[in-house]
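Working through the structure, step by step
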Amino acid sequence: MKKIITKLGGIFVPVILCVALIFTAFMSLNLIDDLQGNARVINYIGIVRGATQRLIKKELNHVPDDELIQRLDHILSGLSNGSDDLNLRKLESEEFQTSLIEMKKDWAEIKRQIYDYRDGASDQRLYDLSEDYFKLADDTVLTAEEYTEQVVQSARKILMIMNSIFIVMALGSSIFTFYQERRQRKLIEAEKENIKKSEQLSKRAQELQAPMNEISELMYVSDVDTYDLLFVNEAGKRTFHIDDSQSGLKCYKVLQGFDEPCPFCTNKFIKMNETYSWEYTNPIVNKHFLLKDRLIEWDGHIARMEIAFDITEVNDEKTELKRRLERDDIRLACVSELYNNRDIDLAITRVLEYIGTLFSAERAYVFSFHGDYYSNIAEWCKEGISPEIDNLQNIPIGDYQVWLDELEKNKKVVINDVEEMKDTFPTGYELLSQQGIRNIIWVPLIKDGKISGTIGLDNQDLEMAETAAPFMQTIQYFLSLAMQRNENEKMLFELSQIDKLTSFYNRNRFIEDVSEFKMHQDSVGVVYLDINGLKEINDTFGHDAGDDLIKECASIMKSRGSSNHLYRIGGDEFVIIYLDIAKERFYDSVQLLKNDFQDSKCQIAIGCKWNKNCSDMDDIIKEADEMMYADKKKFYQGHHATSRYRHNHDILEFLTEPNVLIENIKNHRFIVYLQPKIDVEDCKMVGAEALIRYQDENGLIITPDKFIPVLEDTYFISKIDYYVFEQVCKNLSAWADQDEPLFTISSNFSRITFMDEGFVKSIEAISDKYQVQREFLEIEITEGANCTDLNTLVTRINQIRNAGFKVAMDDFGVESSNLALLSQVKFDVLKIDKGFVKDIISNKRAQIIIGTMAKMCDEMGIQLIAEGIEDRKQLDLLKEYGVRTVQGFLFSKPISLSEYEEKYLN
C-alpha cells in the first residue's frame, strides 16, 4: 500500500497542473460568452433608444410607423425574458431588471401618447415623455455595463483563487512525494533491522527455555487465536502428564479437560506490557492456583504466557476463615431471631432454615421429650424434600435409649453413615432409613440441667460435620432460653386471662369480651353471682377453706355446661354470659342453676338479665349486678354479725349522708393505719402503706371492707381518699421537721377519685400545702382503677409521674394485672398478689412466675413488692427468687400512726 501511494505521489503534480489548465480555459470561455451576451443586451438597449427617438420624430412630422412600434415591443420583451431569434439572454441583475420594467412602463405610456397625438392631442406631452424615456434608457445601459464589470471582476477572482489552490496542491504533492520516498527508505532499513532482531530474539527465546524449565511453578505459552500449546515447562509436563511427542495440543483440553475454549479465558483481558492476575481451582489436579497472564512475542507473533503458583493451602485457610465468618453471621442471625421474634414457632423454623442452609442439609428439626415419648415439634426441609414431622409424633424413648445415653454422655450424636448401624442397631436403622436419612447430627436441648429435647440435621455436608455439632450446641443454648421464655410468657398471658383457682376467665378477659360482644346483634343473657359469707369462712376456717368453697361454686356453674363464657371477676364474684339464647331458655337455665346451688352448701346471691341484642351490654351487666346486690342484701339482713365487703350494711348506711360523713371525718372517727414495707436483706423498714379504719361510738375498730363499698356506691369515697392522703402528707411534714428519716408511703385511691379530671391538681395542692417532697408519696392503683379505659388510665398515670409522684400497681398477676398497660406506661412499683405468695412453698409454677416477675422488674427498673408474707419459709423462698421488698403479718400487721412512730421512728 505504501509503495502504491509513493508511485501515485510522483504523478500528482502534472495531473494537478492539467486540471488547473482545463479549469482556467473553461472559465475563460464561459466568461467570454457572458461578456458577448451582456454586450448584445447593452447594444439592443442603445437600439431601443435610437429607434424610439426616430419614431418620435416621425410621429411629430405626422409620419406613423406601426412596424417600428412592434419592433420595439419585441426587443423590450426579448430584453426582459431572453430571445432566441434576437440572440438575447436575460441579464441576471436585479437593478437592470428593475430599470427595464420602468422602461416598459414608460414605453407603454409613450405609445398611448402617440395614438392620442395622432387623434389630435398636443405634442408637448409626447415630447416630455420621450425626453424622460431617453434618460431612463441611458441609466439602464449604465446599469448593464456596471453588472458586466462585476461579472468580469468575479471571474477574475475565481480564476486567481482556483489557480492558487492548484499551485498549493501541486506544491504539497511535491513535498509529500519527497517525504514519502524518504520514509520508504527508512522503513526498508528498519525492516532489515527487525529481521536481524527477530533472529536474535528467537535465539534468545531458545536460550530462555532452559531456565523456564528449571522453575518449580507451572508455565506455558499458547497461541491467543488458535489456543495451540506453544510451550510447556517441565513442571507443567509433570503436573499434567504431557507427552512431547504429541502435536497440535490445545491449552483448554490439556490443562482444563474441556473440549472447547474455556468460558473464563483471559485472552480478552490481557494487554501488552501488563500482567493480569486471577485465581482458579483446576479441576484436573484439584489445586487452587494464583495465575499471572501476559502477552509476549513468541516466534515472531503474539502469544499468551501464563505462570501458575500453587496457593491451595493459603486458599483453604482463607476459605475456612470465610466459612467461620459466615457461621458467626448465621449464629448472630439465629440469636437475633430467637430474641426478637415473639412468634416462637416461626422463630424456630427460621433458625432451622439458617442452620440447614449453612450446613447444606436436607432437613433440620427440633424434637421435644414429654414423659416416655418424644415428638417432632418443628421442621425445615430443603426444596424437594418431603416433610416427616407428622410421622414423628409420640415415639417411645425406650426403643432408642442408646441415642439418649450418648446424648447425655457426649452431648451429641453423630452418624456419618447410617448403613454402618444396619446390623448393630436395626431399630434405629429402620427408623432413619425409612426417612431416606444417610447421616445425622443431634445435639441435646437442656432445660433445668436435664435433656428436654434435641436439635438435629439430616443428610448434611459431611465435610462440615466437625463444625456443625459445636455450632448447634451454641444455638441450642439460645433456643432453650427462647423456648423457656415462651413458656413463661405463655404462663403470664394465661394468668392475665385465666383465673388459676377456678380456671374461669378473669376480669381482664371479661372486659375484653364485653367490648367485643357489644358488636354482636344476637340476644344475650347475663348472670351475676356472688358468694355469700366467704369472708367469714376465710376468717374462721382459713383461706384454704375459702378457696375450696370458691372451687365448689365454680364446679357447680361449670357442670351446667350451658355457656362457655364463665368469668371470675372478683374474689367472690362471677359472671356467666349466654350469647344467642332465647329468653325462655335463658331463664330456665338460671332457675336450674339456682336449684343446683340450693342443693349444695354454697350460699350464692344471683342476679340475671336478658336482652334481645348485645348493644347495651354495659346496662345489661349493671342491671344484673343490681339485682344480685338486692338478692345479697336479703341474705345479710338476716346475718347482721357477718357484714360483707362491697354490700350495704344497715349499721353503716348513715355514712351515705354527706353531712354525717363530713362530721365523722372532723371528729377523727376515720383513722389512718400504716403497714411497713421491709427489705429482705436486713429486715429493716423501707416504706409503708397507708390504710383506713373506722372507729364507732363504742370504740370498735371497723375494717374498710365494711364501709368502703358503702361509700363507693354513693360516690363519697373521694372524701376518704383525700383525707388519708392529707394525713400521710401531714405526718411526713412533721417527721421532716423533727429530722426523722423519711420513707415512701403509698396511698390507695378508688377508681372514682383516680379518674377525676382534677385528681392530679388536688394531690399537688395537698403535698404543696405541707411542703412534702413528692418522691416520698406513692399513688397506688387499685383493682377498680384498672378496670377503666386503658388510654385514659395511661394518660392519668403519666400525669401523676410527670408531677413527681411515684405510681404503684397493686395485685399484679391476678385481676388487676394488665400486661398491655405495663408495656405502655412506666410504673415505679409492682405489688405481687397475695395469692401467689400463699402457696409459693408448694407451687413450682408460682415460684417460676415470681422469679420471672423479679427479672422483668430488674430489667425495667421497677421495685417489686410481695404482700401477705406470713412465715419465714415464704420469705426465704421469695428472697431466693429475687424479691427484695415484702410486707405482711410476719413483720407487722397494719398499726396506728403512734405505734408506727414508736416502733419504727423512735
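Residues numbered from 1 in each chain as written. Predicted model: local features only at pLDDT ≥ 70, side-chain atom pairs only at ≥ 80, totals over all residues. Heavy atoms only, no water.

**Some remarks on the nonpolar core**
With 84 residues, the main nonpolar core has Phe670, Phe827, Leu830 and Val886 as its most contacted residues. Per-element tally for this core: the top contributor is helix α19 (residues 717-737), with 10 residues. Aside from chain neighbours lying at most four places away, what touches valine 886 is Pro676, Lys677, Ile678, Val680, Ile865, Ala866, Ile869, Leu875, Leu878 and Phe891. Val48, Leu55, Leu72 and Leu126 belong to the second-largest nonpolar core, a separate cluster that totals 32 residues. (Core = buried A, V, L, I, M, F, W, Y, C linked by side-chain atoms within 4.5 Å. Buried < 20%, exposed > 50% of the residue type's maximum accessible area, 1.4 Å probe, protein only. Helix = DSSP H or I, 4+ residues; strand = E, 2+ residues; numbered from the N terminus. Contact = heavy atoms within 4.5 Å.)

**A short note on the pattern of salt bridges**
As enumerated under the stated definition, the model contains 34 salt bridges in all. Notably, a salt bridge pairs aspartate 65 with lysine 58, separated by 3.0 Å at the nearest N-O pair. The exposure class assigned to lysine 58 is partly exposed, which follows from its relative accessible area of 28%. Between glutamate 337 and arginine 350 there is a salt bridge, with its nearest N and O atoms 3.1 Å apart. Linking glutamate 337 in helix α7 (residues 312-340) with arginine 350 in helix α8 (residues 344-358), this pair joins segments that are 13 residues apart in sequence. Salt bridges sharing partners connect three or more residues here, namely Glu689, Glu780, Lys831 and Glu867. (Salt bridge = Lys/Arg side-chain N within 4 Å of Asp/Glu carboxyl O.)

**Some points on the sheet that holds strand β9 (residues 413-415)**
Spatial ordering of the open sheet is given by β8-β7-β6-β11-β10-β9, a layout of 6 strands whose pairing is antiparallel. The outermost strands of the open sheet, each flanked by one partner alone, are β8 (395-396) and β9. One ladder, built from 8 bridges, connects strand β10 (residues 440-447) with strand β11 (residues 450-458); its direction is antiparallel. If you follow isoleucine 446 over to β11, its bridge partner there is isoleucine 451. Strands β6 (363-370), β7 (373-381) and β11 of the sheet are contacted by α8, whose axis makes an angle of about 65° with β7. (Pairing = 2+ DSSP bridges. Axes fitted to C-alpha atoms, helices over the stretch in contact; angles between N-to-C directions.)

**Focus: the packing of aromatic side chains**
A complete count under the given rule lists 32 aromatic pairs for this structure. Measuring from ring centre to ring centre gives 6.1 Å for tryptophan 278 and tyrosine 280, while their planes differ by 40°; the resulting arrangement is tilted. Among the residues examined, tryptophan 278 registers a relative accessible area of 16% and is labelled buried. A ring pair is formed by phenylalanine 586 and tyrosine 587, whose centres lie 5.0 Å apart and whose planes are at 65°; its orientation type is edge-to-face. By relative accessible area, which is 32% here, tyrosine 587 ends up partly exposed. A connected cluster of aromatic rings, assembled from ring pairs, spans Tyr365, Phe367, Phe369, Tyr374, Tyr400, Trp403, Phe425 and Trp442. The ring centre of tyrosine 505 lies 4.0 Å from the NZ or CZ of arginine 509, which sits over that ring. A cation over a ring is seen here: arginine 693 above tyrosine 673, with NZ or CZ 5.4 Å from the ring centre. (Phe/Tyr/Trp six-rings, centres within 6.5 Å; stacked < 30°, edge-to-face > 60°. Lys NZ or Arg CZ within 6 Å of the ring centre and 35° of its normal.)

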